[in-house]
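Here are the chains, one letter per residue:
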Amino acid sequence: MTYWQPEFELMKREELEDLQLRRLKSTVDRVYKNVPFYHSRMKEAGVSPADIKSLDDLARLPTTRKANLRENYPFGLFAVPREQVVRVHASSGTTGKPTVVGYTKNDIETWSDIMARDFVMVGVHKGDVFQNAVNYGFFTGGLGIHYGIERMGAMAVPSGVGNTERQLEIMQDFGTTVLHCTPSYALYLAETAKAKGLVEKLKLRIGCFGAEPWSDEARRDLEDALNIKAYDSYGLSEMFGPGVAFECQEQDGLHIWEDHFLVEILDRDGQPCAPGEPGELVVTSLTKEAMPLLRYHTGDMSYFLDEKCSCGRTSRKLHRFLGRADDMLIVRGINVFPSQIEDVLVSLPEIGNYFQVIVDRPKHGLDELTIQVEMKDEAFTGELSDLARVQRRVEDKLKSILNVRSKIELVEKGSLPRTAGKSKKIVDKRDVYAKDEKAKAGS
Ligand code: DLL
């Protein structure tokens, strides 16, 4: 077994907790002194840096949410003078002002080591040709992954986003062995490679996929289609970017790097969830310099897997993400996670990997859940009665899992939108109505 930083990856629990406490104290001290937002929030909560005596005192600290980043746009949460910030990344800002995150030189070093740790963990070697097929801009998946590849010594191929034909050409010409992109783009690449009869010409061994939720079945499809082992990669810009949690070769949960991140799983009321109970991942950064965050609500739902991992790493593992707390649909009062829908769809042999969930509320009516799904070519017999049978089968299976009826619309393969970035699987038309009503009320 190879490790990038065995001194941290294999650290005994007591040593790790000592380290976490030291780092937590230092982080709290720095934000109290240097970030007016945290200074006033801590004063309001009646807690000072001297009160942090054990890891349990974490619960006394104020929490941070995405809205707080927006309110402090662009640099208001920096804990170091602006001159020490050597890079920024930003979110796209589709839901308001973009949120900006900053990095010192040390932050870039720390992040590169975290990424290198992840890649070595899944078996990437120095000689590997590593194609990074994501956006190299404000998105952290471009430069974040890139620096990690260079740090551990494989060859970085910054192919960037889109242009699928060219991506596949590069893969063949350069002999790409490791691919990083979003899982939805990987599925599209796989589909295109198969259609062009290119799969045999590829040398891929490993796929690292993340930045959006995906399922175990999608993993199996990708592994079969591309002859690779596929690993789940989780991260968020507010905590550097990619690399926060990553699967090891056991492919059974994501190791979260607890020497850098102090993690909690909390329920809706902000109370810790019982082991195995899903809740929201809340993270405190322990080593970030430019923009440390206390108890950041990620909005991502998961739970701790508390068994020891046979890879030897001692950090706790998280179950594959179930979706976002705010993605959770409430349809006729029932909580529905898009990941539950995906799990059902991908388990049916007739159904392909693309789907879109549309939630609508007819005037004065009940919520309606419509799911457009692409059928696999081989499942098309041309007989209408066969289509109706598949449709019923999917509807029944979904009803038994979700406890709410949905309408299935079977669509032709290739007709749902493909994207090279994060895919949009949910269209909630009810929001539009809400806005219309607000607009009407205001006029
Ligand atoms: O998506 C960082 C990243 C880049 C992660 C490349 C992995 C690979 P943001 O754009 O800030 O950062 O989006 C973060 O994406 O809060 C999750 O909701 C979602 N997300 C990221 N990875 C996963 C994953 C990057 N493996 C947001 N499974 C997070 C499920 C994920 N959701």
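What comes next is a walk through the structure. As the structure is a computational prediction, the values presented were derived from the model and not from experiment.

Scoring rules and cut-offs
- Residues numbered from 1 in each chain as written.
- Predicted model: local features only at pLDDT ≥ 70, side-chain atom pairs only at ≥ 80, totals over all residues.
- Heavy atoms only, no water.
- Helix = DSSP H or I, 4+ residues; strand = E, 2+ residues; numbered from the N terminus.
- Rg over C-alpha atoms; globule rule 2.2 N^0.38 Å.
- Buried < 20%, exposed > 50% of the residue type's maximum accessible area, 1.4 Å probe, protein only.
- Areas by Shrake-Rupley, 256 points an atom, 1.4 Å probe, with all protein chains shown as cover.
- Lys, Arg positive; Asp, Glu negative; His and termini not counted.
- Charge placed at Lys NZ, Arg CZ, Asp CG, Glu CD.
- Contact = heavy atoms within 4.5 Å.
- Pairing = 2+ DSSP bridges.
- Axes fitted to C-alpha atoms, helices over the stretch in contact; angles between N-to-C directions.
- Left-handed = near helix turned anticlockwise from the far one by under 90°.
- Nonpolar A, V, L, I, M, F, W, Y, C, P; charged D, E, K, R; others polar.
- Near = heavy atom within 4 Å.
- Polar contact = N/O pair within 3.5 Å; in protein donor to acceptor, adjacent residues only side chain to side chain.

Okay, the overall build of the protein next. Counting its regular elements, the protein contains twelve helices and 21 strands. Relative to the compact-globule value of 22 Å for 443 residues, the protein shows a C-alpha radius of gyration of 23 Å, a close match. Per-residue burial over the protein gives 53% buried out of 443 residues. In the form shown here, the protein has an accessible surface area of approximately 20100 Å², with 50% of it arising from carbon and sulfur atoms. In the protein, which carries 60 positive and 67 negative side-chain charges, the distance between the mean positions of the two groups comes to 3 Å.

Below, the discussion takes up the environment of Gly 323. Relative to the elements of secondary structure, Gly 323 occurs in strand β15 (residues 323-324). Look at Gly 323 and you get buried, because its relative accessible area is 5%. With 102 residues separating them along the chain, Gly 323 and Asp 221 place their C-alpha atoms 20 Å apart. Not counting residues up to four positions away in its chain, the partners in contact with Gly 323 are Gly 299, Asp 300 and Met 301.

Below, the discussion takes up the pairing of strand β8 (residues 242-247). Every other side chain in a regular strand lies on the same face of the sheet, so the side chains alternate between the two faces. Counted residue by residue, β8 has six buried out of six residues, so it is predominantly covered. Relative to β8, strand β7 (residues 229-235) runs antiparallel, the two being bridged by three bridges. Looking at the pairing, Ser 233 lines up with Phe 246 of β8. Hairpin geometry of β7 and β8 is characterised by an intervening segment of six residues between the two adjacent antiparallel strands and by a positive phi of about 75° at Phe 240. With three bridges connecting them, β8 and strand β9 (residues 254-256) associate as antiparallel partners. Within the sheet, the bridge partner assigned to Ala 245 lies in β9 and is Ile 256. In sequence, β8 turns back onto β9 through a hairpin of six residues, with Gln 251 there showing a positive phi of about 50°.

Moving on: the sheet that holds β9. Read from one edge of the open sheet, nine strands run β4-β3-β5-β6-β7-β8-β9-β14-β13, paired in mixed fashion. Of all the strands in the sheet, just β4 (155-157) and β13 (304-305) have a single pairing partner and so form its edges. For strand β3 (residues 129-132) and β4, the ladder comprises three bridges, and the chain directions are parallel. Paired with Phe 130 across the bridge in β4 is Ala 156. Here helix α5 (residues 105-121) sits on the sheet in contact with β3, β6 (206-210), β8 and β9, set at roughly 20° to β8. Packing of helix α7 (residues 164-174) onto the sheet brings it into contact with β3, β4 and β5 (178-181), and relative to β3 it is tilted by some 170°.

Along the polypeptide, Thr 182 turns up in the loop between β5 and α8 (183-195). The exposure class of Thr 182 is buried, given its relative accessible area of 2%. Dropping the residues within four chain positions of it, Thr 182 is found in contact with Val 134, Phe 209, Gly 210, Ala 211, Glu 212, Ala 420, Gly 421 and Lys 422.

Okay, the packing of α8 against helix α9 (residues 216-226) next. When two helices pack together, their arrangement is given by the angle between their axes and by how far apart the axes lie. Remark: α8 packs on α9, axes separated minimally by 10 Å, with the N-to-C direction vectors making an angle of 35°. Every pair of crossing elements has a handedness; the one defined by α8 and α9 is left-handed. For the pair α8 and α9, contact is made by Pro 183, Ala 186, Leu 187 and Ala 190 and by Ala 218, Asp 221, Leu 222, Ala 225 and Leu 226, respectively. Of the residues that constitute the contact of α8 with α9, the class distribution is eight nonpolar, no polar and one charged.

Here the focus is the site of the ligand. Close contacts around the ligand come from 20 residues, with Asp 232, Ser 233, Ser 237, Asp 300 and Lys 422 the closest. Backbone polar atom of Ala 211 to a nitrogen atom of the ligand: 3.1 Å apart, as the coordinates give it. Take Asp 232: an N or O atom from its side chain is 2.8 Å from a nitrogen atom of the ligand. With the chains in place, 90% of the 610 Å² that the ligand exposes on its own is no longer accessible. Contributions of two or more residues to the shell around the ligand are made by α6 (140-152) and β7. With four residues, β7 is the single largest residue contributor to the shell around the ligand. Of the residues in the shell around the ligand, the class split is seven nonpolar, eight polar and five charged.

Fair warning: the whole summary comes from geometry, so function is off the table for now.
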